[in-house]
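# Remarks on the overall topology
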Amino acid sequence: MTTVTLSDEQWTKILGFLRACPHVYVGQESECRRFVEGVLWVLRSGAQWRLLPERYGRWNSVYKRFARWCEHGVWQQMIRHFADDPDMESVMLDSTVVRAHPCAAGASKNGGQAAQALGRSRGGFSTKIHLKVDALGNPLDFRLTGGERHDSPQGKDLLGEQVGQYVIADRAYDSDDLLAHIIEQGAIPVIPPRRNRKQQREYDTWLYRERALVECFVNKLKQHRRIFSRFDKLDSRFLGFLYFASALIWLR
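Residues numbered from 1 in each chain as written. Predicted model: local features only at pLDDT ≥ 70, side-chain atom pairs only at ≥ 80, totals over all residues. Heavy atoms only, no water.

### Some points on the overall build of the protein
Along its length, the protein carries 11 helices and seven strands. Relative to the globule expectation of 18 Å for 252 residues, the C-alpha radius of gyration of the protein, 19 Å, shows essentially globular dimensions. For the protein, contacts bridging at least 24 residues in sequence account for 64% of all contacts bridging at least 6. Surface accessibility of the protein: about 12800 Å² in total, with carbon and sulfur atoms responsible for 46%. (Helix = DSSP H or I, 4+ residues; strand = E, 2+ residues; numbered from the N terminus. Rg over C-alpha atoms; globule rule 2.2 N^0.38 Å. Contact = heavy atoms within 4.5 Å. Areas by Shrake-Rupley, 256 points an atom, 1.4 Å probe, with all protein chains shown as cover.)

### Overview of the pattern of salt bridges
As enumerated under the stated definition, the model contains 18 salt bridges in all. We note a salt bridge from Asp-170 to Arg-211, for which the minimum N-O separation is 3.8 Å. On the criterion of sequence distance, the pair formed by Asp-170 in the loop between strand 5 (166-168) and helix 7 (176-184) and Arg-211 in the loop between helix 8 (205-208) and helix 9 (212-221) is long-range, its members being 41 residues apart. Arg-211 matches Asp-170 in its accessibility class, with the two residues each being buried. Linking Arg-201 and Asp-174 is a salt bridge whose minimum nitrogen-to-oxygen distance equals 2.7 Å. With Arg-201 in the loop between strand 6 (188-190) and helix 8 and Asp-174 in the loop between strand 5 and helix 7, the pair connects residues that are 27 residues apart, well separated along the chain. (Salt bridge = Lys/Arg side-chain N within 4 Å of Asp/Glu carboxyl O. Buried < 20%, exposed > 50% of the residue type's maximum accessible area, 1.4 Å probe, protein only.)

### Structural notes on the pairing of strand 3 (residues 124-133)
Within strand 3, 10 of the 10 residues are buried, which leaves the element mostly enclosed by the surrounding structure. Pairing between strand 1 (residues 90-100) and strand 3: eight bridges, direction antiparallel. Paired with Ser-95 across the two strands is His-130, which belongs to strand 3. From the end of strand 2 (residues 119-121) to the start of strand 3, which pair antiparallel, there are two residues. Examined bridge by bridge, strand 3 and strand 4 (residues 139-146) share seven bridges and lie antiparallel to one another. (Pairing = 2+ DSSP bridges.)

### Some details on the packing of helix 1 (residues 8-20) against helix 4 (residues 74-82)
The geometry of helix 1 relative to helix 4 is characterised by a closest axis approach of 11 Å and an angle of 120 degrees between their N-to-C directions. Looking at the two axes, helix 1 sits oblique to helix 4. In this structure, helix 1 crosses over helix 4, and the sense of that crossing is right-handed. Judged by residue contacts, Lys-13, Ile-14, Phe-17 and Leu-18 of helix 1 engage Val-74, Gln-77, Met-78, His-81 and Phe-82 from helix 4. Its residues placed into classes, the contact of helix 1 with helix 4 shows six nonpolar, two polar and one charged. (Axes fitted to C-alpha atoms, helices over the stretch in contact; angles between N-to-C directions. Parallel < 35°, antiparallel > 145°, perpendicular 65-115°, else oblique. Left-handed = near helix turned anticlockwise from the far one by under 90°. Nonpolar A, V, L, I, M, F, W, Y, C, P; charged D, E, K, R; others polar.)

### Side note on the packing of aromatic side chains
Per the stated rule, a full pass over the model turns up 12 aromatic pairs. With centroids separated by 5.8 Å and ring planes inclined at 70 degrees, the aromatic side chains of Phe-142 and Tyr-243 adopt a geometry described as edge-to-face. Here Tyr-243 lies in helix 11 (residues 235-250) and Phe-142 lies in strand 4, a separation of 101 residues in the sequence. You'll find Phe-142 and Tyr-243 in the same group, each marked buried. Connected via pairs of aromatic rings, a cluster forms that spans Phe-35, Trp-49, Tyr-63, Phe-66, Trp-69, Trp-75, Phe-241 and Phe-244. Sitting over the face of the ring of Phe-35, Arg-65 holds its NZ or CZ atom 4.7 Å from the ring centroid. (Phe/Tyr/Trp six-rings, centres within 6.5 Å; stacked < 30°, edge-to-face > 60°. Lys NZ or Arg CZ within 6 Å of the ring centre and 35° of its normal.)

### Details of the packing of helix 3 (residues 59-71) against helix 11
Between helix 3 and helix 11, the shortest axis-to-axis distance is 9 Å and the interhelical angle comes to 90 degrees. Taken as axis vectors, helix 3 and helix 11 run roughly perpendicular relative to one another. On the side of helix 3, the interface is formed by Tyr-63, Phe-66, Ala-67, Cys-70 and Glu-71, while helix 11 contributes Ser-236, Arg-237, Gly-240 and Phe-241. Grouping the amino acids of the contact of helix 3 with helix 11 by side-chain chemistry returns five nonpolar, two polar and two charged.

### Notes on the environment of Pro-193
Tracing the backbone shows Pro-193 in the loop between strand 6 and helix 8. Residue class for Pro-193 comes out buried when judged on its relative accessible area of 5%. C-alpha of Pro-193 to C-alpha of His-224: the two residues are 31 residues apart in sequence and 33 Å apart in space. Beyond its immediate stretch of four places on either side in the chain, Pro-193 contacts Arg-171, Asp-174, Gln-200, Arg-201 and Tyr-203.

What follows is the structure, given as structure tokens:
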């Protein structure tokens, strides 16, 4: 794969964030930029860390630094820093399943596969990404579960305090508990009823068309091959890649 680099404008903004982050030692700017671009190379290529080109530094050093940033929540803080002005007219919920490579298994010392958001769905060994975007389809937050887990139980936690005027989601989120929570937050649910409901309820079919934006975001996300398929044993590492890719989308 050819060299993957950040634009000078992107790097200037990232550097400003890193210098204000309490858990980050920037050191020499050129070395820090080389490290971040090394992580970007792995994110885009989906390659093993051992295959990281030498121009980005020793692969083991780059991986250990990436892991430290994951443990300290640096990548999550990065997306929160750049997602400072979301369009909260509405928020949209969705999920997508990614196949997990066999090398993602084996985190027995960290609670096992279930604790690391790995499971078996109809598609096989997998992880499900639960995501929330704003009214323009820009990412706000994520949750990870095993691929077999249902969508609606994750809705309340994923929504958090960032609830807009409308909450748009597909019928997988049609549960009485989640609908009641949305209404309690002062928002209007735009969620189609399940077909097996005895009493069908109305929803804004025109506004529901905007849900295409969250599908577009999922497509952007899966252009990063380290996200398209999961290779990481630990969910914190996989989330690190998710947050970094999302921060880059905010920087476009």
